[in-house]
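# Understanding the architecture of this molecule
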Amino acid sequence: MEFIQIANVTLPIQQPAVIAALFGAWLYTRIQYGKSFSEQISNAAFLFVIVWKGSILLFQFPLVIKAPMSLLYFNGGIYGFWLGLAAAFFYAYVKKMPSSKTAGAWAAIVVLYPLSLSFLSASFTIWDAVQAAGSILFFFVAKEGLERALTLLLFWQLLFLSADGRLFSMESLVYIVVTVYFIFWRKKT
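The model shown is predicted, which means the values in this text are computed figures rather than measured ones.

Inspection of the entire model under this criterion finds 3 salt bridges. The salt bridge involving E171 is made with R166; its shortest N-O contact spans 3.0 Å. Residues joined by salt bridges that share partners form a network here, namely D164, R166 and E171.

The next thing to look at is the nonpolar core. F48, W106 and L150 are the most contacted members of the largest nonpolar core, which has 42 residues in total. Elements supplying a minimum of two residues to this core: α1 (14–33), α2 (35–54), α6 (77–94), α7 (99–120), α10 (146–163) and α11 (170–188). Take this core: its biggest share by element is 8 residues, from α7. Apart from residues lying up to four places away in sequence, W106 is in contact with L150, V174, Y175, V178, T179 and F182.

This part covers the packing of aromatic side chains. Here the structure, examined in full by the defined rule, presents 15 aromatic pairs. An angle of 65° between the planes, with centres 4.9 Å apart, marks the rings of W156 and F160 as edge-to-face. Here F160 and W156 lie together in helix α10, a separation of 4 residues that amounts to about one turn. Overall, F160 belongs to the buried group, its relative accessible area being 10%.

All right, on to the side chain of Q157 then. Structurally, Q157 is set in helix α10. Side chain to side chain, Q157 and Q131 meet in a polar contact 2.6 Å long. In terms of polar contacts, Q157 uses its side chain to reach the side chain of S135, at 2.5 Å. Once residues lying within four places of it in the same chain are set aside, the contact partners of Q157 are V110, P114, Q131, S135 and Y175.

Quick look at the layout of surface pockets now. Roughly 210 Å³ of volume is contained in the second largest pocket. Those elements giving two or more residues to the lining of the second largest pocket turn out to be α1, α7 and α9 (138–141). Residue composition of the lining of the second largest pocket, by class: 6 nonpolar, 3 polar and 3 charged.

This next bit is on the environment of F182. Along the chain, the position of F182 falls in helix α11. Linking F182 and G76, residues 106 residues apart in sequence, is a C-alpha distance of 25 Å. Discounting chain neighbours no more than four positions away, the residues touching F182 are S99, T102, A103, W106 and L150.

It is worth spelling out α7 at this point. Each full turn of the α-helix corresponds to 3.6 residues, which orients residues three or four apart in the same direction. Taking 1.5 Å per residue, 22 residues should reach 32 Å; α7 reaches 31 Å between its end C-alpha atoms and fits that length. Counting buried positions along α7 gives 16 out of 22 residues, so the element sits mostly inside the fold. A positive backbone phi angle near 55° is found at A122, which sits one or two residues after α7.

Conventions we followed
- Residues numbered from 1 in each chain as written.
- Predicted model: local features only at pLDDT ≥ 70, side-chain atom pairs only at ≥ 80, totals over all residues.
- Heavy atoms only, no water.
- Salt bridge = Lys/Arg side-chain N within 4 Å of Asp/Glu carboxyl O.
- Core = buried A, V, L, I, M, F, W, Y, C linked by side-chain atoms within 4.5 Å.
- Buried < 20%, exposed > 50% of the residue type's maximum accessible area, 1.4 Å probe, protein only.
- Helix = DSSP H or I, 4+ residues; strand = E, 2+ residues; numbered from the N terminus.
- Contact = heavy atoms within 4.5 Å.
- Phe/Tyr/Trp six-rings, centres within 6.5 Å; stacked < 30°, edge-to-face > 60°.
- Polar contact = N/O pair within 3.5 Å; in protein donor to acceptor, adjacent residues only side chain to side chain.
- 1 Å grid on protein atoms, 1.4 Å probe; cavity = no way out; pocket = protein on both sides within 12 Å on 5 of 7 lines; lining within 4 Å.
- Points joined across faces, edges and corners; volume = space filled by probe spheres on them.
- Nonpolar A, V, L, I, M, F, W, Y, C, P; charged D, E, K, R; others polar.
- Expected span 1.5 Å × (residues − 1).

Structure follows, in structure tokens:
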């Protein structure tokens, strides 16, 4: 696991990459869909981050009691991540956010997260640019059909993850679960 230092704080590199991707998704939705929907996206993203970071209280309570600053440095791990994702999904479902717009925000996250991660870890290569460029095609294919576009985006990301030897990683599982969620959610709405 790589770390990044911001002033006196050292964080796992995934945390600022997630924040950058969420900010990019908010910016995309603000430009594309307007203020009202972008506020819903930012609320869902904020809920995800708060639950993910705050779930350390649930899973590592003795650590937080001993060292309260661990709330800043650590998160709830894999279980906290899934809990945060479930909270964001639940929020989107309760607020009846349109699946096509929400899928656009998800696509922005999928484009920006690997890009942010490679820039922050100073390991940006031409393959990262190819991955981002191919992912951006989602926004053009989405007009043909959301399910098809999400499936293509999923397989594009899995192709690059498999090239890195991370096909069976947490990241690929997240891509699969969220894509399946959007495809089934769209069929219900």
